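Coordinates in review
Here are the chains, one letter per residue:
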Amino acid sequence: MPDAQHLQALLVQCAAKRESALAEIYRLASPHLFALAKRMLKDQAAAEDVLQECFVSIWRQAGQYRADQGQPMTWMMRIVRNRCIDRLRRANAELPDPDDALTLAMADSGPGPLAQLQASQDGRRLAECLGRLEGPQRVAIAMAFFDDLAHSAIAARLNAPLGTIKSWIRRGLQQLKRCLE
């Protein structure tokens with residue numbers, strides 16, 4: 001493992017946009033980060049893509065690293081891990097089903113979760129409170145809870161910045177809580 005103090009100093013230099021610091025971080029950390037990505041994704045090409053995306057993130061977010069919150073290698077591994085999880089979720093969401101065999105096999109004749117929710121008294125209250133939310137907030141919350149999508153996947157589907165999606169969901173949940181109290 002690379003020396004933590006040296007990596008911290010390099011991240012400070014990266015935050016100051018010194019390209020040589022990023023090159024040195026890449027030289028020191030990429031073997032470990034690539035091994036993590038490859039182990040998680042089980043695909044060399046996908047791991048290479050994720051690693052490239054992660055180093056762009058490291059370059060852009062170097063100023064956000066805080067030494068008092070963890071080691072630099074842990075911080076970078078978390079970036080890789082999260083990017084791999086996003087990639088795996090996206091891959092699972094995009095499973096091809098050309099003849100609808102998968103869809104038909106999973107079809108259930110019973111009421112869906114939304115129908116069950118609306119049937120109950122609490123569900124009606126929740127549906128009423130959801131109806132009071134702004135459209136984008138309501139859609140983002142529904143995608144997060146009913147479709148079990150990560151914030152980044154919601155941002156991609158709604159073509160909105162990740163921070164905006166997080167704000168919509170956070171504020172929407174606060175409004176729902178107040179409405180339901």
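In the block above lies the structure referred to throughout.
As a starting point, this report considers the structure included with it. Computed from a predicted model, the values in this text were never measured in an experiment.

Remarks on the packing of helix H2 (residues 19-41) against helix H3 (residues 44-61)
In the contact formed by H2 and H3, the axes pass within 9 Å of each other and the chain directions differ by 140°. By the angle class used here, H2 and H3 are oblique. Considering how the two elements wind past one another, H2 and H3 form a crossing that is right-handed. Between H2 and H3, the residues in contact are Glu 19, Leu 22, Ile 25, Tyr 26, Ser 30, Leu 33, Phe 34, Ala 37, Lys 38 and Leu 41 and Gln 44, Ala 46, Ala 47, Glu 48, Val 50, Leu 51, Phe 55, Ile 58 and Trp 59, respectively. Of the residues that constitute the contact of H2 with H3, the class distribution is 14 nonpolar, 2 polar and 3 charged.

Topic: the pattern of salt bridges
Summed over the entire model, instances satisfying the criterion amount to 4 salt bridges. Here Arg 27 ties to Glu 24 by a salt bridge, and the two come within 2.7 Å at their closest N and O atoms. Taken together, the positions of Arg 27 and Glu 24, both in helix H2 and 3 residues apart, correspond to about one turn of that helix. According to the relative accessible area criterion, Arg 27 is exposed, its value standing at 52%. Its relative accessible area of 22% is what places Glu 24 among the partly exposed residues. Between Glu 53 and Arg 87 there is a salt bridge, with the nearest N and O atoms lying 3.1 Å from each other. With a gap of 34 residues between them, Glu 53 in helix H3 and Arg 87 in helix H4 (residues 72-93) connect regions that are remote in the sequence.

Examining a nonpolar patch on the surface
A cluster of nonpolar side chains, namely Phe 145, Phe 146 and Leu 173, defines an oily patch on the protein surface of about 300 Å² accessible area. Inspection of the secondary structure assignment puts Phe 146 in the loop between helix H8 (135-145) and helix H9 (151-158).

Reading guide: rules and limits
Residues numbered from 1 in each chain as written. Predicted model: local features only at pLDDT ≥ 70, side-chain atom pairs only at ≥ 80, totals over all residues. Heavy atoms only, no water. Axes fitted to C-alpha atoms, helices over the stretch in contact; angles between N-to-C directions. Helix = DSSP H or I, 4+ residues; strand = E, 2+ residues; numbered from the N terminus. Parallel < 35°, antiparallel > 145°, perpendicular 65-115°, else oblique. Left-handed = near helix turned anticlockwise from the far one by under 90°. Contact = heavy atoms within 4.5 Å. Nonpolar A, V, L, I, M, F, W, Y, C, P; charged D, E, K, R; others polar. Salt bridge = Lys/Arg side-chain N within 4 Å of Asp/Glu carboxyl O. Buried < 20%, exposed > 50% of the residue type's maximum accessible area, 1.4 Å probe, protein only. Patch = residues over 30% accessible without salt bridge, like charges linked within 9 Å, V, L, I, M, F, W, Y side chains within 5 Å. Areas by Shrake-Rupley, 256 points an atom, 1.4 Å probe, with all protein chains shown as cover.

Treat this as a map of the structure, not an account of what it does.
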